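What follows is the residue order along each chain.
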Amino acid sequence: MKARAWFNRKSTIRDDYQEMFNVGRWEYDVKKGEVHCSLEVYQIYGLPDRGYSESPDVFVERIHPEDQELVKQFWNQISQGKRLGRSFRYRTLHHGRQTYVQYTAQCKYDERGDLIRIEGTLRDVTRYMESGKNTALLHPTESFYANYPDPFVVIDQDLRIVRVNRATEDLFGWTERELLFRQPPFVPVQHQDATLELYRTLLKHGGTIWFDCVRLTRDGTAIDVTTCLSAIRDTSGKIVGAVASYTPVGVANNAPEVLLDSESQFQALVRHSSDVFVILSNDLQIKYISPAIANVLGFAINEIVNTDFLQLIHPSDRPTCEANIDNISTGLQKKSSAELRFRNKSGVWRFCQTTFHDLYKGSGIDGCIVNFHDITERRQTRELMNYIADHDYLTDLPNRRAFEEQLSAMIGLAAKHHSELAVLTMSLNKFKYVNDTLGHSVGDKLIRYIAQHIRDNIRGECVAARIGGDEFAILIPNLPDKDSVFELANNLLSRLEDSIQVDQYTVYLTAGIGISFYPADGPDAETLIKHSDIALHSAKERGNNTLQAYLSTLTAGTYKEFSLANDFRKALQNEEFVLYYQPRLDTITRKIVAAEALIRWEHDDWGLVSPVEFIHIAEETGLIVPLGNWILKTVCRQIHTWSKSGMADIRVSVNISAKQFLVDDFVDSVWSILREFDVKPERIEFEITETTIIPNDSAIVESIRRLRQMGIAIYFDDFGTGYSSLSWLQRFELDGIKLDKSFVTHVPVRWAPTQIVSSVIRLAHSLNLTVVAEGVEANGQFAFLKDEKCEQVQGFLFSRPLPVEKFEELLDVGVLHPIPCSHQSRAQLPNRRKHFRVATPHPLVGQVTIAAVNSKKLSLGYTEALIMDIGPGGLRFVSNLRFPANHGVMLHFIVKILGSMTELDGAIVWSEEMGDDLNQYGIEFALGHSARDQLIPVLNEFAVKLRAGQGVDCDFMTGDIGTFFRNEASV
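Predicted model only: the values in this text are computed from it and were never measured.

Enquirer: Help me understand the overall build of the protein chain, please; the structure alone is not making it clear to me.
Expert: Tallying secondary structure elements over the protein chain gives 33 helices and 39 strands in all. For the protein chain, with 971 residues in total, the buried portion stands at 50%. A separation of at least 24 residues holds for 60% of the contacts in the protein chain among residues at least 6 apart in sequence. Summing over all exposed atoms, the protein chain offers an accessible surface of approximately 46300 Å²; the carbon and sulfur share of this is 49%.

Below you can see the structure in the form of structure tokens.
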């Protein structure tokens, strides 16, 4: 009877209400691990009342087996203070009879904040649960997904949403596209950990549970919902996911309370509610107020009853309150709601979600029912979440999303008032180097310094944002003139000419700024930001502390660099890279003794992209380390495959970035990769470009020593192009050097390069270093190197870099012979074209740009191209740009023929490298019959005049092709 006495002392609910409502009360003593409960609890669980406290296990045994782990997880969260909601429901099972129970729970703490007990209520809600659609959630089927009317999402084993219905979009405000393949975004931050723990338990053990909780809509509004979680199983019974269904609290016929229709039952419900219920007379006097007023506002009931309701409302909110009540009392609305500020007993204003209902008496409206609950903390959390979502935590500037939203809004105003605005994007140069060498704390302080520097230089209506790690954006509305924009940009850059003191470090930074203007450079936020970014790339190419306004004349090369930089991270994630292999030959035997692994990027738009065009992007973004790991793993996997198939045991050379050496566990990770693929270290060589290495970096010296100890050979690549080539030979332990192509190209024709190569070979031999000559493309070069006893050669004379399948064919041959000149150029193959070609005595100087990529039109400037021949069907041209042999990329040409500017469109059908970073392309025109018919007589006349030696009005290039493009690049 001791437990019963406890219950009678604690109870504040009249016995008649409790029996009528069939509500039991319980209390769990945390320290003792005991449960005390009322008679109704025993009756609901089908247990005998033994008159003393019980172990929780007694009640757990009555929980439905499928739900036990899920319920225990929910209880664990409650005991840890991770409250997901005010109540929850689950199934019990006794002698084959399944019932549904609903719990409420409240934690009690001592003065030190320690949890001492949990108390609450319990009631049987079986009649409600079995009366509607709730049982469909126990075993969801395909028909459930098609017909279930309430909002729901399906979650996979990775806690990502994989299925959404229209009702979910309507309830929360996110579209299906925005929700798919991400974790539920409508879970409040403070509930995320507990919710995900519950999902994981469900996906591991199965079961079903219902609980009341708060969820967020897309605009940050908090709504009360009943959530049902249920496991999804396949035909074998394996758990493959979960379905979460949401029912807004208060929706008609969707809450158990609609079954409680007597006045006495309603009174019991009101007494238990954490909401305040108020009944107002027609003159807005408070006629009734529920006991919850003491918890919400601190007043006693007798302090409030028969007073003016509006005295509780903030003066600024009273018109809103009166309007809602008027709409109810006049019958315009049966229900309305608003957020209002209520004054508590201490005089503090609290935000409350307030709902108004009409009160019928007889045949008319005789007052108003108001209920409200405190949402102050929730509102503050929402405002904080919105602020965090829109601001950069480090600088307190708006982030990219907020900047784009404000830019879109300002564009709308500018369009309305016919005004101009400007967008500036500013990026720091080599900022990652600061983080890597001085640490992220110094880097963070620099970023905050730059942010404050920007704030100090912009006027009040401008918007500054941090939109990337080292990138900022500035919006300048209501432009008085464009000169003010350039003045601001120059001011921002000029400050960076001075040193910046951070802690004990003196730091020098440089930056680039790109500028775009509305409406001249784009009609919307996306286009303006894109064009300012393109201008930024152009500025950074031109040097440090440079600004560049967007021009439609920015070249195709600038656009390509911008496109590759944007796509690089995704390419690494999707493994869009492939390795090509170029053989290295013994100079005496011409036998393949090694190969260099050369990475290529298989880009959707740009085709096969050379590493020259993207390695610097990997360096600048810090992705060179994961890229290097991918290359080494791919090489080791290939060596392992060759070994298993009995192919020749050749060494494979891999290019290594200096930044990889700076990773703490670089040598250990190399050893781990070798062991993973069972590759001997002697099969691997590392090539290090001397211009990227800091000669006095002890970490690099030590890494090289350990790698050589393992058996990996170390070569210096591009030897002779740096400033300290000879000091390397003294500082580092090496196995060999690779002579740069810039020297090899000119031997034995030019005296100075010939003497340098001869001297370097002799010096290397005196130090017991192997010499490899790169870029060997002519028989004369090969003969000279052989006479000078250069051990190995590599170059187009014997083979270009090849995909692995083609390279394996060379391995089968073993010994290679120089490729005859007639096999080296597609331009010299027999003509099988449908149309004639006009071969000019000298290349025609033309202009080329990218007109479209995959049907998306571009507006870019032109770059110089040399047209080698032309006909009605196409042309052949040389450029220092790498274009993709891709029909999705359409090029536009302008060339003067017989004094008239001729414009032609076409796609590349073949390409080949020529050396000196030049490329040759074959173009197939995209011309209609009419355009081709107009071109043919022009080209015929052009050919006749050329054959007759007559003068023609064209722009010919009569000098060296390589010199022509070098001069163009320096302009």
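Enquirer: Help me understand the sheet that holds strand β18 (residues 471–476) in this model?
Expert: Strand pairing in a sheet relies on backbone hydrogen bonds, with the paired strands running either antiparallel or parallel. The sheet built from five strands is open, its strands ordered β17-β18-β16-β21-β22 with mixed pairing. If you trace the sheet from one side to the other, it starts and ends with β17 (463–466) and β22 (546–549), each paired once. Direction aside, neighbouring strands of the sheet carry axes that sit 15° apart on average. Bridge analysis of strand β16 (residues 421–428) against strand β21 (residues 511–518) gives eight bridges, and the strand direction is antiparallel. Following the sheet pairing, Ala422 is matched in β21 by Phe517. Its contacts with the sheet place helix α19 (residues 482–495) against β16, β18, β21 and β22, and it is angled at close to 165° to β21.

Enquirer: What am I meant to see in the environment of Leu159 here?
Expert: Among the secondary structure elements, Leu159 is positioned in the loop between β6 (152–155) and β7 (161–164). On the basis of relative accessible area, Leu159 is assigned to the buried category, the value being 5%. Sequence separation between Leu159 and Gln183 is 24 residues; the distance between their C-alpha atoms is 5.9 Å. With sequence-adjacent residues up to four places away left out, Leu159 is seen in contact with Arg182, Gln183, Pro184, Leu196, Tyr199, Arg200 and Leu203.

Enquirer: Hey, could you run me through the pattern of salt bridges in this one?
Expert: Pairing is possible between side chains of opposite charge, provided their charged atoms come close. Taken as a whole and assessed by the stated rule, the structure comprises 37 salt bridges. Put simply, Arg117 and Glu119 hold a salt bridge, and the shortest N to O gap is 3.1 Å. Residue Arg117 is classed as partly exposed on the basis of its relative accessible area of 21%. Residues Arg218 and Glu178 are paired through a salt bridge, measuring 2.7 Å at the closest nitrogen-oxygen approach. Here Arg218, found in the loop between β8 (208–216) and β9 (222–233), pairs with Glu178, found in helix α9 (residues 176–179); they are 40 residues apart in sequence, far enough to count as distant. Of the residues examined, Arg218 reaches a relative accessible area of 48% and is grouped as partly exposed. Overall, Glu178 belongs to the partly exposed group, its relative accessible area being 29%. What emerges from the salt-bridge pattern is a single network uniting Glu596, Glu687, Lys738 and Glu774.

Quick notes on the rules
- Residues numbered from 1 in each chain as written.
- Predicted model: local features only at pLDDT ≥ 70, side-chain atom pairs only at ≥ 80, totals over all residues.
- Heavy atoms only, no water.
- Helix = DSSP H or I, 4+ residues; strand = E, 2+ residues; numbered from the N terminus.
- Buried < 20%, exposed > 50% of the residue type's maximum accessible area, 1.4 Å probe, protein only.
- Contact = heavy atoms within 4.5 Å.
- Areas by Shrake-Rupley, 256 points an atom, 1.4 Å probe, with all protein chains shown as cover.
- Pairing = 2+ DSSP bridges.
- Axes fitted to C-alpha atoms, helices over the stretch in contact; angles between N-to-C directions.
- Salt bridge = Lys/Arg side-chain N within 4 Å of Asp/Glu carboxyl O.

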